[in-house]
Amino acid sequence: MIDTHRRIAARRRGARQMDVILHIGAHRTATTSFQHYLRLNGPALQRRRVGFWGPLRTRGALLAGVLPATNEVVDPKARDTARRRIETALRRAEAAGLRHLVVSEENLPGTPAHNMRQAQLYPDVGARIARVSEAFGHRISRVVMTLRPQPGYWPSALACAVERGHPLPARAQLDRIARGPRLWQDVVRDLASHQGAPIVLLRHRTAPDDMLTAMTARAVAAPQDHTDHWLNAAPDRAELRAALDARGAMACAIPAGEGAWQPFTPDQRALLAEAWQDDEFWLAAGAGGLATYLPTGRSGLRKTEQSERAGQHLPPGRHQRGQAHGIEKRRMVGHR
């Protein structure tokens, strides 16, 4: 079925010039900052024939009926209506002369709240993105996801959740997260098995102009303005204490000071770090042929003028450890 979708998409790309790029986050990887960069550079992007659909549009009527709410089933009629609505919007974008359309919505693969309840990374990502791909008539040219190492992702997600009203995580929940077997590579495998578009993986803290360059397969000279706006940072300890105190919760559970909140114990942090190390080896070894990994720094794409295909280089100083060994060792350690 996926091969059929690829052939259909290829024929359509041959008939139409517009490149449809689906950017799905992940959360806590400066997605809001990237979307802000695209909005502020709107006129410059128009001159480059690049369009942008962000949360202001995707969370309105555009994608209504595509994905179910919690414990709900999508109405087939609503799904068909959404497909027609999206097709009309795509045709209008093409008629306006766009060559590239970036659709950026971090809630498409799932939500941080669901991740925390399940104590794992985006367990439903494959089925959800498959529904989105179908709603877009299998016209998505590539799916782009930004990865953040687990030792940074989970504390950031938990801090934002607590600030927004969620209770402090219990010790058992933190231990389930730290010992969970699901890695970023499992997220990528699910993506690849449910939809046919190529997958591009970026590293957290890639500059927004470099992100756009990578997303468009280097077809667009990304604007250099407004690249230093970093938004929606996780609250620090002082901000978390204030938020808890304002709702009468146990603010004293957050240590004093103004630095980043670290809810995990040293042993749990070690497990999270090993999880990312396993992911790094898998990505550097070629991502199973499922994705292109571009672990660029802030200006790596501009300086080197080349993309790095996953599998070319292992992380510096880590040439002695193999992919399978890393995965198995982490899971054994995680269940001691």
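Residues numbered from 1 in each chain as written. Predicted model: local features only at pLDDT ≥ 70, side-chain atom pairs only at ≥ 80, totals over all residues. Heavy atoms only, no water.

Caption draft 1: Spotlight on unusual backbone geometry. In this structure, the amide linkage connecting Gly25 to the following residue, Ala26, adopts the cis form with an omega of 10°. Note on placement: Ala26 falls in the loop between strand S1 (19-23) and helix H2 (31-40). Even without a glycine there, the phi angle at Arg49 is positive, about 65°. In this structure, Arg49 sits in the loop between helix H3 (42-47) and strand S2 (50-53). With a phi angle near 55°, His138 is a residue other than glycine that sits in the positive phi range. Considering the arrangement of structural elements, one finds His138 in the loop between helix H7 (125-135) and strand S4 (140-147). (Helix = DSSP H or I, 4+ residues; strand = E, 2+ residues; numbered from the N terminus.)

Caption draft 2: Quick peek at the sheet that holds S2. Spatially, S2-S3-S1-S4-S5-S6 is the arrangement adopted by the six strands of the open sheet, whose pairing is parallel. Strand pairing shows two members of the sheet lacking a second neighbour, S2 and strand S6 (292-294), which therefore form its edges. Along the sheet, successive strands turn relative to each other by an average axial angle of 20°, direction set aside. Two strands pair when backbone bridges link them, and strand S5 (residues 199-203) and S6 are joined in this way by three bridges, in the parallel orientation. Within S6, the position partnered with Val200 by the bridge is Thr292. (Pairing = 2+ DSSP bridges. Axes fitted to C-alpha atoms, helices over the stretch in contact; angles between N-to-C directions.)

Caption draft 3: Focus on the packing of aromatic side chains. Per the counting criterion, the structure on display carries five aromatic pairs. Between Tyr122 and Trp184 the ring centres are 6.2 Å apart and the planes differ by 35°, which places this aromatic pair in the tilted class. Of this pair, Tyr122 sits in the loop between helix H6 (112-118) and H7 while Trp184 sits in helix H10 (residues 184-194); the two residues are 62 residues apart in sequence, bridging distant segments of the chain. Take Tyr122 and Trp184: they sit in the same class, and that class is buried. Linked through ring pairs, Tyr122, Tyr153, Trp154 and Trp184 together constitute an aromatic cluster. (Phe/Tyr/Trp six-rings, centres within 6.5 Å; stacked < 30°, edge-to-face > 60°. Buried < 20%, exposed > 50% of the residue type's maximum accessible area, 1.4 Å probe, protein only.)

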